[in-house]
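So the chains spell out like this:
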Amino acid sequence: MTEDKITVEERLEKAKQPGIDAMILHKYYGGKIEVVPKAAVRDFSDFAIWYSPGVAEPCKAINKNTDDAYVHTCKWNTVAVVSDGTRVLGLGDIGPEAAMPVMEGKAMLFKYLGGVDAVPICLDTKDPDKIIETVKLLAPSFGGINLEDISMPKCFDILDTLRKECKIPVWHDDQQGTATVEVAGAINAMKIVGKKMDEAHICMVGAGAANIAIARLLLGTGFNPKNLCMVDSTGILNLEREEVKNTFRQKWEICQKTNGAGKKGGLKEAMKGADIVIAASKPGPGTIPAEYVKLMANDPVVFVTANPVPEMWPWEAKENGAKIVATGRSDFPNQVNNSMGFPAIFRGTLDVRAKTISDEMCIAAAKELAKCAEEKGMHDEYIIPMMSEWEVFPREAVAVALKAQEQGLARLKLSRQEIYDRAEFMIRRSRDLTASMMKNGFIADADKAYK
């Protein structure tokens with residue numbers, strides 16, 4: 001057995017380890033989140049304040065002015081994570097119960113990284129009209145809605161309808177959240193390889209919710225639509241793809257706006273001459289043949305972001321000439337995962353009570369993420385900040401909140417310093433709370449799960 005063969009096997013074993021640990025620790029903890037009181041219970045007489053009869057007074061105040069719910073209840077800081085389990089990670093339609101571990105994990109990240117309380121809600125329906133109706137019925141209890149892992153194309157219409165009809169911000173993280181972080185990575189990757197955004201040629205592999213949103217934000221950031229080429233399972237999106245005209249509106253818009261070179265064919269032709277490949281496609285490895293990287297321009301940039309396994313392994317991309325490689329996984333360098341986006345974006349959104357989350361707010365977050373990494377010293381294996389850099393999240397929240405105020409979407413007007421202080425307090429509090437619970441045994445020692 002050669003040394004190269006051993007090295008590959010060792011890499012594959014390391015890549016499998018998070019899944020092995022997950023099976024042990026999920027069972028050990030019996031889930032990842034719980035509900036605990038945050039109001040003082042000095043003695044049992046306090047329940048006359050928190051419940052009957054005292055609670056009637058805030059109820060009457062809210063009845064007169066529903067906005068008082070943001071003052072007297074947890075609505076101001078609580079988000080629903082809603083899924084029907086039809087497109088979970090790279091696993092597909094696995095159902096609402098099987099989607100729960102992902103939604104719980106999302107709620108955990110919301111709290112730890114953004115100081116946002118989040119509730120996982122998995123719906124036992126695939127009907128888009130029922131999903132819309134359910135979310136609208138739930139909306140009074142929440143300050144925002146995070147749609148998650150809903151199959152396309154229905155996810156587009158569900159989001160568009162709810163954004164129009166709900167009084168609180170609704171977004172689909174697989175669209176805007178993923179797009180925000182990948183755009184941040186793309187901005188810095190182009191700087192590292194010394195290429196201008198408006199001149200860079202982009203190949204996008206996959207035409208799902210993530211890549212369609214990424215394309216929209218890329219173009220809003222300064223990339224040239226004529227230099228963008230998107231390929232789906234059938235081939236390159238171009239004006240000859242009339243079969244999508246009446247069946248997939250978003251794909252047809254891509255056909256009309258992009259691919260100025262008029263490329264035809266499949267993945268191989270799409271990647272030829274590209275400066276950057278952004279893949280949000282079928283989990284690999286092997287979805288993208290690693291040798292196709294050799295067809296790209298000099299110093300190619302490869303984003304292979306499928307979960308749980310990227311479209312090609314990072315070391316394969318490097319061996320075939322990639323200058324920068326990013327994945328959606330935390331166990332490889334350059335994780336371009338929406339975890340760097342949604343906690344802070346919702347933090348900023350909630351803190352100014354924004355009515356929606358616009359693309360401009362997402363672009364503001366992407367630019368701030370990119371700036372944070374540039375200030376620290378970006379390089380081939382560090383194009384955006386990592387989750388461990390907690391100080392990035394308040395800065396990102398500020399960028400989002402200020403843009404919401406600039407666009408007239410915020411119900412509250414706060415100064416930059418007020419927004420920062422509020423975000424920093426909430427995020428620091430969540431991290432300190434978790435550390436304190438671990439130290440005092442309220443969160444069990446994870447190492448004991450293996451004994």
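Whatever comes next refers back to the structure up there.
Residues numbered from 1 in each chain as written. Predicted model: local features only at pLDDT ≥ 70, side-chain atom pairs only at ≥ 80, totals over all residues. Heavy atoms only, no water.

**Student:** Sorry, what's going on with the overall build of the chain here?
**Tutor:** Each helix and strand counted, the chain has 16 helices and nine strands in total. For 451 residues, the compact-globule estimate of 2.2 N^0.38 gives 22 Å, and the C-alpha radius of gyration of the chain, at 23 Å, lies within 12% of that figure. Once the C-alpha set of the chain is aligned to its principal axes, its extents read approximately 75 × 55 × 45 Å. A separation threshold of at least 6 residues defines the contact pool for the chain, and within that pool the share at least 24 residues apart is 70%. Surface exposure of the chain reaches about 21300 Å², of which carbon and sulfur atoms provide 54%. In the chain, the 58 positive side-chain charges and the 62 negative ones have mean positions that sit 3 Å from each other. (Helix = DSSP H or I, 4+ residues; strand = E, 2+ residues; numbered from the N terminus. Rg over C-alpha atoms; globule rule 2.2 N^0.38 Å. Contact = heavy atoms within 4.5 Å. Areas by Shrake-Rupley, 256 points an atom, 1.4 Å probe, with all protein chains shown as cover. Lys, Arg positive; Asp, Glu negative; His and termini not counted. Charge placed at Lys NZ, Arg CZ, Asp CG, Glu CD.)

**Student:** Looking at this model, I keep getting lost on the sheet that holds strand β7 (residues 276-279). Mind explaining?
**Tutor:** Picture the strands of a sheet paired through backbone hydrogen bonds; they go either parallel or antiparallel. Taken together, the five strands give an open sheet; going across it, the order is β6-β5-β7-β8-β9, and neighbouring strands pair in parallel fashion. Whereas interior strands pair on both sides, the edge strands pair on one side only; in this sheet they are β6 (228-231) and β9 (324-327). Recorded for the sheet is a direction-independent mean angle of 10° between the axes of neighbouring strands. Here strand β5 (residues 202-205) pairs with β7 via four bridges, running parallel. (Pairing = 2+ DSSP bridges. Axes fitted to C-alpha atoms, helices over the stretch in contact; angles between N-to-C directions.)

**Student:** Looking at this structure, how should I read the packing of aromatic side chains?
**Tutor:** Any aromatic ring pair is given by two values, namely how distant the centres are and how the planes are angled relative to each other. Under the counting rule described, the total for this entry stands at nine aromatic pairs. Note on Y28 and Y29: the rings are 4.9 Å apart at their centroids and 75° apart in plane angle, and the pair reads as edge-to-face. With a centroid separation of 5.4 Å and an interplanar angle of 75°, the aromatic rings of F110 and F346 are classed as edge-to-face. Linking F110 in helix α5 (residues 96-114) with F346 in helix α13 (residues 342-351), this pair joins segments that are 236 residues apart in sequence. Residue F110 is classed as buried on the basis of its relative accessible area, which comes to 0%. Within the aromatic cluster, the residues linked to one another by ring pairs are F110, W171, F342 and F346. (Phe/Tyr/Trp six-rings, centres within 6.5 Å; stacked < 30°, edge-to-face > 60°. Buried < 20%, exposed > 50% of the residue type's maximum accessible area, 1.4 Å probe, protein only.)

**Student:** Honestly, the sheet that holds strand β3 (residues 144-147) in this entry has me stumped. Any pointers?
**Tutor:** The four strands are arranged β2-β1-β3-β4 in an open sheet whose pairing can be described as parallel. Looking at which strands have only one partner, the edges of the open sheet turn out to be β2 (117-122) and β4 (170-172). For this sheet the average axis-to-axis angle between neighbouring strands, irrespective of direction, equals 20°. Across six bridges, the pairing between strand β1 (residues 78-83) and β2 is parallel. If you follow V82 over to β2, its bridge partner there is I121. Strands in contact with helix α7 (residues 154-165) are β3 and β4; relative to β4, the strand with the most contacts, it is inclined by about 165°.

**Student:** Quick question: what am I supposed to make of the packing of α5 against α13 here?
**Tutor:** Running from N to C, α5 and α13 point in directions that differ by 65°, and their axes come no closer than 8 Å. Along this stretch, α5 crosses α13, giving a crossing that reads as right-handed. Contacts between α5 and α13 involve K106, L109, F110, L113 and G114 on the former and, on the latter, F342, P343, F346 and R347. When its residues are assigned to classes, the contact of α5 with α13 shows six nonpolar, one polar and two charged. (Left-handed = near helix turned anticlockwise from the far one by under 90°. Nonpolar A, V, L, I, M, F, W, Y, C, P; charged D, E, K, R; others polar.)

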